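# Descriptive structure summary
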Amino acid sequence: MGQQTTVIKKTKKESQKRVKRKEANLEVTKERYNEKKDLGRLAYKTMKLGFDNFEFYNLQPKSPNDIFDGCGRVTPYYEQLLWNLSKITPADLKKRIDKANYTLWAEGVTFLLEGNDFRILPVDWFPRIVPKEHWKIIEKGLKQRLKAINIFLKEAYSGKGTFIPKELYENSIYWQPELVGQSIPRDTYVSIYGPDLVHMGNGNYVLLEDNLRIPSGSSYAMEYRGVTKRVFPEFFEGYNVAEFDTCSLIKEAARHLSHNRDPNPVIVLLTPGIYNSAYYDHKYLAEHMGIPLVEGSDLYIDTDGRVVLKSPDGEVNVDVIYRRIQDLDIFTPGLSKAYFKGKVNLMNALGTGIADDKGIFPYVEDMIREYLSEEPILKGAKTYSPRRKNDYEYIMKHAKELVIKAREGYGGHEVIIGPEVPNEVIESCKNAIRKNPEQFIAQECLDFGTQALMNVENDKIVLKSSYVDLRCYVIHGKETEIAKGGLTRVAQLGTRIVNSSSGGMCSDTWVLR
Amino acid sequence: MLLPKSSAYRIYWLGKWLERAENIARLIDSVYFKVSDDTTLGETEDWLPIVKALGAETCLNEVTGKDPSNVSPKEIVSILVFGNTSSSILNCLKIAKVNAQSVAQKSLFIQVNKAFEYLHNIDPQGITSMYELHDVMTNVISDCMSITEQVGREWF
């Protein structure tokens, strides 16, 4: 009875605090002030919001921010998190950030640099929250998109042609002529799909890229969740966060792809090796899926054309390869031949890169309309192809306002963000387009959603807004499933490029249940 | 779970480098039992047989520019334990770490990294006596043994 009374008292106290915070929020709405100018940029001083030990700087006032709405009010789903954060002192937070970074270092969540040195991938420990209702839209939209892409790939490799100009995908470096006319197990070309989305505010998510070859990074998201739970357990108070697990989904999808009727087919993860920048990702997934992590030299093709794994305990035939390598034959001669003969299955299939090609991106929404007779749930960023006359003229006229991407570039390389680069770069880029229009696309430069980079400065917890995107992981096995969560990539201050290879950071992503 | 050939190869080399680190630590630690005053690092003569046994004369000469008989015990310890040479314990642990990094099991990497970080975080200038050095070497030996034990438990 006594305990119950305490609980009720506590609840009352909490609700009183909540009311006070809401009142403080309203006060801000009324005042809508920008009393603190920081280099001419608008700053919301969150002290007035009832959190007196930290400040928030909105460095991209034009872009929607996930944490604060346009009036400076905290969005409902971040309110509790800021409250949880306010209970930590700046000095304590600083120590914990160091501890969290050290944990990554000690557990090997690192890249290998030259000279046997390692470095961790920089992390912003302030989690990104995706509310349930937003997630429902993302889920539906991505499932729809993947379904259409798989149908397109089937049609493209049937050799009968598609509604998309043939030369567009047949000229792609990812086109696999050997696959034409081949039947692919369960018609599944793409088993693992890693699209990049950005939030435009109010639950409107826009696709920037489809990653259909070997999308990476889910292990980092799982690691960050684990470390956040250990080092910042208070963050989770008052939240019901969905578990993020791609391993079991990928393993299930691999089982589904196997020709072997054995319920436990031999599945391996094929890595290019320790010097690959995503090696930690490969290692983590193999360990957590309970499958061998193999290099090309661990495999050979026997006289019957089957793929054999060499092990000190003996040799075993491989049924499914979860490939994290682009060129199969460099380290294991004959591997792609074994695949074409149906001796082994691959996830993802060879040749999926044609749909990943940025030249195809503008057509994906039409694929949904054409193959599924549905309207796309998620839209892609408006994309211009210099192949089309009108688009070409538009690009030449408005290059400074656009994002120009090389068709086969990846990882933030060969991306020119018009508003962020000097005019000389724009001019040389225009020249390159004039010479070879087929090799480029241009997208509208979006003022997409920002989140917060959390740090401790001058004994204050400082949140500075920065652009973020969200990489999701869609896994297509017996059913199409989306791992609830993903990898939020946070751009460095002052740029829109979020890729880690271009200096971006990552953060944990919470999908609320 | 099946152990692929490449992983087995790395585990083999992991073991080799740990064995080497442990052997160097044991050799260095033998001086502790030799010197009469363990509040110092002894005399250069106490260290010369170890330098010879490890084949580190050339390396000492290259690093210090002196003949090994003129190198101080402090310099010898610094090079053999912390130096950026193939004969140093820290270097052996660093290569062991790279091998552990390439094996899927995270728990193994954590152990090796812990051993490496322990030594890496010690200030070589702070070691002024055989007593202190003995303490460090005992820890290195014990770390190497426990990792080897873990490898044995997991795979053999």
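Below, the structure is looked at part by part.

### Observations regarding empty space enclosed by the protein
Residue and element names in this part refer to chain A. Counted according to the given criterion, the structure contains five cavities of 30 Å³ or more. Each pocket or cavity is described by its volume, and for the largest cavity that value is around 280 Å³. For the largest cavity, the lining is made up of 19 residues, of which Leu208, Val403, Lys405, Val415 and Arg496 are closest to its centre. Elements supplying a minimum of two residues to the lining of the largest cavity: β9 (205–209), β19 (402–406), β20 (415–417) and β21 (440–444). In terms of residue class, the lining of the largest cavity is made up of nine nonpolar, three polar and seven charged.

### Details of the packing of aromatic side chains
Residue and element names in this part refer to chain A. Here the structure, examined in full by the defined rule, presents 22 aromatic pairs over all chains. Ring geometry for Phe152 versus Tyr169: centroids 5.6 Å apart, planes at 85°, classification edge-to-face. With Phe152 in helix α4 (residues 132–158) and Tyr169 in helix α5 (residues 166–170), the pair connects residues that are 17 residues apart, well separated along the chain. You can call Phe152 buried: its relative accessible area is 0%.

### Description of the sheet that holds strand β15 (residues 320–323) of chain A
All names here are of chain A. Pairing within the open sheet is parallel, and its four strands lie in the order β11-β10-β15-β16. The open sheet has two edge strands with one neighbour each: β11 (293–295) and β16 (345–347). Averaged over all pairs of adjacent strands, the angle between their axes in this sheet comes to 35°, without regard to strand direction. Taken together, the three bridges between strand β10 (residues 267–271) and β11 define a ladder with parallel strand orientation. When the bridges of β11 are listed, Leu270 appears paired with Val294. Strand contacts of helix α7 (residues 247–257): β10, β15 and β16, with the helix running at about 150° to β16, the strand carrying the most contacts.

About the thresholds
Residues numbered from 1 in each chain as written. Chains lettered and ligands numbered in written order. Predicted model: local features only at pLDDT ≥ 70, side-chain atom pairs only at ≥ 80, totals over all residues. Heavy atoms only, no water. 1 Å grid on protein atoms, 1.4 Å probe; cavity = no way out; pocket = protein on both sides within 12 Å on 5 of 7 lines; lining within 4 Å. Points joined across faces, edges and corners; volume = space filled by probe spheres on them. Helix = DSSP H or I, 4+ residues; strand = E, 2+ residues; numbered from the N terminus. Nonpolar A, V, L, I, M, F, W, Y, C, P; charged D, E, K, R; others polar. Phe/Tyr/Trp six-rings, centres within 6.5 Å; stacked < 30°, edge-to-face > 60°. Buried < 20%, exposed > 50% of the residue type's maximum accessible area, 1.4 Å probe, protein only. Pairing = 2+ DSSP bridges. Axes fitted to C-alpha atoms, helices over the stretch in contact; angles between N-to-C directions. Contact = heavy atoms within 4.5 Å.

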